[in-house]
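# Working through the structure, step by step
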Amino acid sequence: MITGNFPNLRLRRGRKKSWSRRLIAENNLTPSDFILPVFLTDGRNKKQAISSMPGVHRYSLDKLSSVVDRALKLKLPMIALFPYTNKKDKDKFGTEALNEDNLVCKALRLIKRKYRSEIGIMCDVALDPYTSHGQDGLVNNSYVLNDETVEILIKQSLLQAQMGCDVIAPSDMMDGRIGKIRKSLDRNGYKMTQILSYAIKYASNFYGPFRDAVGSKNILKGDKKNYQMDFRNSDEALREVSLDIKEGADMVMVKPGMPYLDIIKSIKEKFKIPVFAYQVSGEYTLLSNAINKGFVNKNAILESLISFKRSGANAIVSYYADRIDKILD
Ligand code: PBG
């Protein structure tokens, strides 16, 4: 790197005026950088507050259009669907995941019928919203079984694709699932359905509010450390990504977001593929609570979001996406 010397070089010259700061800004955000997570619940005319996530709601299907309309108005490219499943519909096999009348499937049909390709829809592939134990797959002696779980995930993915899902997003961290899902999608005529792999999903302490939002918090026994990644590791993250690329992932997700900016950066540098960051529920709630209490200035939201861009993320899943106009203003 070539650089000058003081006093010839004064970096504060560029910072003195707002127009100049704008001119030399290295990173900017637009609404196209955001994916909005949407929580679904059954019933009618419901917009339920989620106590652990201030400002985030669950919507019944008849209210879904208002959320999609808002996303379109903001020019968000994609939304991500997450279901709150009633206890009576959960079992230890996550059977409800394969019900073509589950909340996600109904929402997919509804949105695709009304909006066609105006907006992308992404769906999580994992069993945790549907299992009575809250784990992402089948459990044997508190161990989440890999190959047996993958067989179900293949079916879950195909069903979502059939219902109109544009981006299949396996968030389960089973080994080998991307390749098997790709193969099954291709065989069944869904070769243009994209796969966004949650290639690097850490066994994180930041998911608490989300588990509350999808109704798996109080039922989850133990943790997810035998399948989600150990947060002490980063080389292993690169191995996960290289496997998923070989298996056919179109894009990869790093999750959570802010504690893992180093991972986003090294993936982008090494693999040159689309990398997304997930600013997860715990990050959202920490920040929102601190702002609501007046301890932190609300521009901290923008600062947190820009950090993803700076680290190399192409897009960000954020619970702030539905208010992004005010945040970017
Ligand atoms: C489930 C899933 C989780 C999140 C997204 N998909 C939670 C988990 O793995 O327990 C977390 C998202 C968030 O915290 O915002 N596979």
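The sections below set out a description of the structure shown in this document. (Residues numbered from 1 in each chain as written. Predicted model: local features only at pLDDT ≥ 70, side-chain atom pairs only at ≥ 80, totals over all residues. Heavy atoms only, no water.)

The next subject is helix H11 (residues 300-311). Because an α-helix packs 3.6 residues into every turn, residues spaced three or four apart end up facing the same way. Compared with an ideal rise of 1.5 Å per residue, which puts twelve residues at 16 Å, H11 spans 17 Å between its outermost C-alpha atoms and is within 8% of the ideal. Those residues of H11 that fall on the buried side of the exposure criterion are Ala300, Ile301, Ser304, Leu305, Ile306, Ser307, Phe308 and Ser311. Check the buried side of H11 and you find it contacts strand S1 (34-41), helix H9 (261-271), strand S11 (275-278), helix H10 (281-292), strand S12 (315-317) and helix H12 (324-328). Backbone geometry just downstream of H11 places Gly312 in the positive-phi region, at approximately 115°. (Helix = DSSP H or I, 4+ residues; strand = E, 2+ residues; numbered from the N terminus. Expected span 1.5 Å × (residues − 1). Buried < 20%, exposed > 50% of the residue type's maximum accessible area, 1.4 Å probe, protein only. Contact = heavy atoms within 4.5 Å.)

A few words on the packing of aromatic side chains. According to the stated counting rule, one finds nine aromatic pairs in the structure shown. Between the aromatic rings of Phe39 and Phe82, the centroid separation amounts to 5.9 Å while the plane-to-plane angle is 40°, which identifies the pairing as tilted. Of the two residues, Phe39 is situated in strand S1 and Phe82 in strand S4 (residues 78-83); the sequence distance between them amounts to 43 residues. Phe39 sits in the buried class, given a relative accessible area of 1%. Residue classification places Phe82 among the buried positions, given a relative accessible area of 4%. When the centroid spacing of 5.8 Å and the interplanar angle of 70° are considered together, the rings of Tyr284 and Tyr319 count as edge-to-face. Of this pair, Tyr284 sits in helix H10 while Tyr319 is found in the loop between S12 and H12, placing the two residues 35 residues apart along the sequence. There is no split in this pair, since Tyr284 and Tyr319 are both buried. (Phe/Tyr/Trp six-rings, centres within 6.5 Å; stacked < 30°, edge-to-face > 60°.)

Once that is clear, we can look at the packing of H9 against H11. Closest axis-to-axis distance for the H9/H11 pair is 8 Å, and the angle between their directions is 30°. It follows from the interaxial angle that H9 and H11 lie roughly parallel. Side by side, H9 and H11 meet where Leu261, Ile264 and Lys265 of the first sit next to Ser307, Phe308 and Ser311 of the second. Of the residues that constitute the contact of H9 with H11, the class distribution is three nonpolar, two polar and one charged. (Axes fitted to C-alpha atoms, helices over the stretch in contact; angles between N-to-C directions. Parallel < 35°, antiparallel > 145°, perpendicular 65-115°, else oblique. Nonpolar A, V, L, I, M, F, W, Y, C, P; charged D, E, K, R; others polar.)

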